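Report on the structure
Here is how the chains run, residue by residue.
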Amino acid sequence: LARVYNFGAGPSMLPEPVLERAREELLDWRGTGISMLETNHRGADFRELAQVSEAKLRRLLSIPEPYRVLFLHGPARIHYSAVPLNLLRGRTRADYADTGIWSDGAIKEGRRYCEVNVVASSRPEHYTRIPPFAQWRLDPQAAYLHITPNETIGGVEFHDWPDTGEVPLVGDFSSTILSRPVDVERFGLIYSGAQKNMGIAGLSVVIVREDLLGAADPRTPSMLDYAHQVAERSLAATAPTFAWYLADLMLDWVEAQGGVAAMAERNRRKAEKLYRFIDGSNYYANPVEPASRSWMNVPFTLAEPAEDERFLAEARAAGLAGLKGHRFVGGMRASLYNAMPEAGVDALVAFMGDFMERRP
Ligand SMILES: Cc1ncc(COP(=O)(O)O)c(C=O)c1O
């Protein structure tokens, strides 16, 4: 099996031990003679997996008791709607920070449900930094403040949280969950798609403080009503069984690596190595203000954009895949999620150095 280093932004690289375990168990999960692909979500075996996976996530992120954890169908984007539907609780206004293309998506969807107050925007600076919190115009009457802790396209990450007083903070953790410790208590609600650091597409995870639930808009589809899903233990409908199972394997893997603190150490080293190389190169460039740079997604450009295609083709031939930048920003992007080993970053840096030296 010739595996390459996959720098794709999501679905993204999975650790080989996780893939191997899924392969081993594919035809016969836990000696039941039934594949996970065929396992009934209401059977005792799956219910146990559901319980155990929640316990693992709670342990890894030190999720305090008054928070409920949901494993739900669907993309991260479904929560752009589910969050206002559940958390407006009769209010008419919500705060949103505009730090990139994903927060802009949340804002556009949020406007369908409420009056959106954009507390700060780095759009005029082409989304190259998190605007300083001191400049944020927070509304004390807002139902919540929505942020995107890691902007996957721009490569911009929060390294600290704004103080919101009584207003619940909501975070779209799709591209940063499990990459480092997070003080869950700073948030009213955390949501994330699974397809980057928690497995494969088809599953999203919600961590929500219980007291915020129970006042959803009456038109909320019951499948998106968090209180209903809490009551049903995320099994209100047929669950995304395989994606949930894969998430469980990923949680095992993160635990075996030493947990999120160990992941953070490694992720910081990986990102620093790549940024240091880019900054010192005179050929590659990353536009993000250093204090706001992402540990997970590193966009970069070549001094000669005409070389982009050759760069990508030669990188692919060298076993480095998925480096094409997002269509909105162009250039390159290296995603360094948990499953990307340090050796992958070393290989990328070596290739970039070599490419730069060999240019005509
Ligand atoms: C931060 C962030 N939010 C939302 C999404 C959208 O995810 P989905 O396609 O699961 O809706 C992505 C996808 O890459 C993302 O990176």
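You'll find the structure just up there.
1. Here's the deal with the packing of aromatic side chains
Ring pairs (aromatic) are described by centroid distance and by the angle formed between their planes. As enumerated under the stated definition, the model contains 20 aromatic pairs in all. Summarising the aromatic geometry, the rings of Phe71 and Trp244 are spaced 4.8 Å apart at their centres and angled 5° between planes, so their arrangement reads as stacked. Here Trp244 lies in helix H6 (residues 241-256) and Phe71 lies in strand S2 (residues 67-73), a separation of 173 residues in the sequence. A relative accessible area of 1% means that Trp244 is categorised as buried. Taking 5.1 Å as the distance between ring centres and 80° as the angle between the ring planes, the aromatic pair formed by Phe311 and Phe355 counts as edge-to-face. Of this pair, Phe311 sits in helix H8 (residues 308-317) while Phe355 sits in helix H9 (residues 342-358); the two residues are 44 residues apart in sequence, bridging distant segments of the chain. Judged on exposure class, the residue Phe311 and its partner Phe355 are both buried.

2. Concerning helix H2 (residues 44-61)
For H2, built from 18 residues, the straight-helix expectation of 26 Å at 1.5 Å per residue is met to within 8% by its first-to-last C-alpha distance of 26 Å. If you check which residues of H2 are buried, you get Phe46, Leu49, Ala50, Ser53, Glu54, Lys56, Leu57, Arg58, Leu60 and Leu61. Buried-residue contacts for H2 involve S2, strand S10 (203-209), H6 and helix H7 (259-279).

3. A closer look at the site of the ligand
Residues in close proximity to the ligand total 13 residues, the closest being Arg77, Thr152, Asp172, Gln195 and Lys196. In this structure, an oxygen atom belonging to the ligand sits 2.5 Å away from a side-chain N or O atom of Arg77. Contact distances for the ligand include 3.4 Å between an oxygen atom and a side-chain N or O atom of Trp102. Bound to the protein, the ligand loses 90% of the 390 Å² it would expose on its own. In terms of residue class, the shell around the ligand is built from four nonpolar, six polar and three charged.

4. Let's talk about the pattern of salt bridges
Applying the stated criterion to the full structure yields 29 salt bridges. The salt bridge involving Arg68 is made with Glu210; its shortest N-O contact spans 3.2 Å. Taken as a pair, Arg68 in strand S2 and Glu210 in the loop between S10 and helix H5 (226-231) lie far apart in primary sequence, 142 residues in all. With relative accessibility at 16%, the residue Arg68 sits in the buried group. In this structure Glu210 comes out as partly exposed when scored by relative accessible area, which is 41%. Arg359 is the partner of Glu304 in a salt bridge, and the nearest nitrogen-oxygen pair spans 3.5 Å. Of the two residues, Glu304 is situated in the loop between strand S12 (297-302) and H8 and Arg359 in the segment after H9; the sequence distance between them amounts to 55 residues. Residue classification places Arg359 among the partly exposed positions, given a relative accessible area of 33%. Among the charged side chains, a network of salt bridges with common partners joins Arg21, Glu25, Lys56, Asp248 and Asp252.

5. Description of the nonpolar core
Core analysis: the biggest nonpolar cluster contains 55 residues, and Leu57, Leu61, Trp136, Ile147, Leu178, Met198 and Ile207 have the highest contact counts within it. Listed by contribution, the elements that provide at least two residues to this core are helix H1 (16-25), H2, S2, strand S4 (115-121), strand S5 (145-147), S10, H6 and H7. The leading source of residues in this core is H6, at ten residues. Residues Phe277, Tyr284, Ala334 and Leu348 belong to the second largest nonpolar core, which totals 34 residues.

6. Topic: H8
Residues lying three or four places apart along an α-helix face the same way, a consequence of the helix completing one turn every 3.6 residues. For H8, the set of buried residues is Asp308, Phe311, Leu312 and Ala315. The buried residues of H8 occupy one face: seen down the axis, they fall within an arc of 95°. Of the exposed residues in H8, the ones pointing more than 90 degrees away from its buried face are Glu309 and Ala317. Looking at the buried positions of H8, the neighbouring elements they touch are strand S11 (284-285), S12, strand S13 (320-321), strand S14 (332-335) and H9. One or two steps after H8, the chain reaches Gly319, where phi turns positive at roughly 85°.

7. A closer look at the packing of H6 against H7
For the pair H6 and H7, the least separation of the axes is 7 Å and the interaxial angle reads 75°. Regarding the angle of H6 to H7, the classification is roughly perpendicular. Contact with H6, carried on its side by Trp253, Val254 and Glu255, involves Gly259, Val260, Met263 and Arg266 of H7 and no other residues of that element. Along the lines of polarity and charge, the residues of the contact of H6 with H7 split into four nonpolar, one polar and two charged.

Quick notes on the rules
- Residues numbered from 1 in each chain as written.
- Predicted model: local features only at pLDDT ≥ 70, side-chain atom pairs only at ≥ 80, totals over all residues.
- Heavy atoms only, no water.
- Phe/Tyr/Trp six-rings, centres within 6.5 Å; stacked < 30°, edge-to-face > 60°.
- Helix = DSSP H or I, 4+ residues; strand = E, 2+ residues; numbered from the N terminus.
- Buried < 20%, exposed > 50% of the residue type's maximum accessible area, 1.4 Å probe, protein only.
- Expected span 1.5 Å × (residues − 1).
- Contact = heavy atoms within 4.5 Å.
- Near = heavy atom within 4 Å.
- Polar contact = N/O pair within 3.5 Å; in protein donor to acceptor, adjacent residues only side chain to side chain.
- Areas by Shrake-Rupley, 256 points an atom, 1.4 Å probe, with all protein chains shown as cover.
- Nonpolar A, V, L, I, M, F, W, Y, C, P; charged D, E, K, R; others polar.
- Salt bridge = Lys/Arg side-chain N within 4 Å of Asp/Glu carboxyl O.
- Core = buried A, V, L, I, M, F, W, Y, C linked by side-chain atoms within 4.5 Å.
- Arc of directions from axis to C-beta.
- Axes fitted to C-alpha atoms, helices over the stretch in contact; angles between N-to-C directions.
- Parallel < 35°, antiparallel > 145°, perpendicular 65-115°, else oblique.

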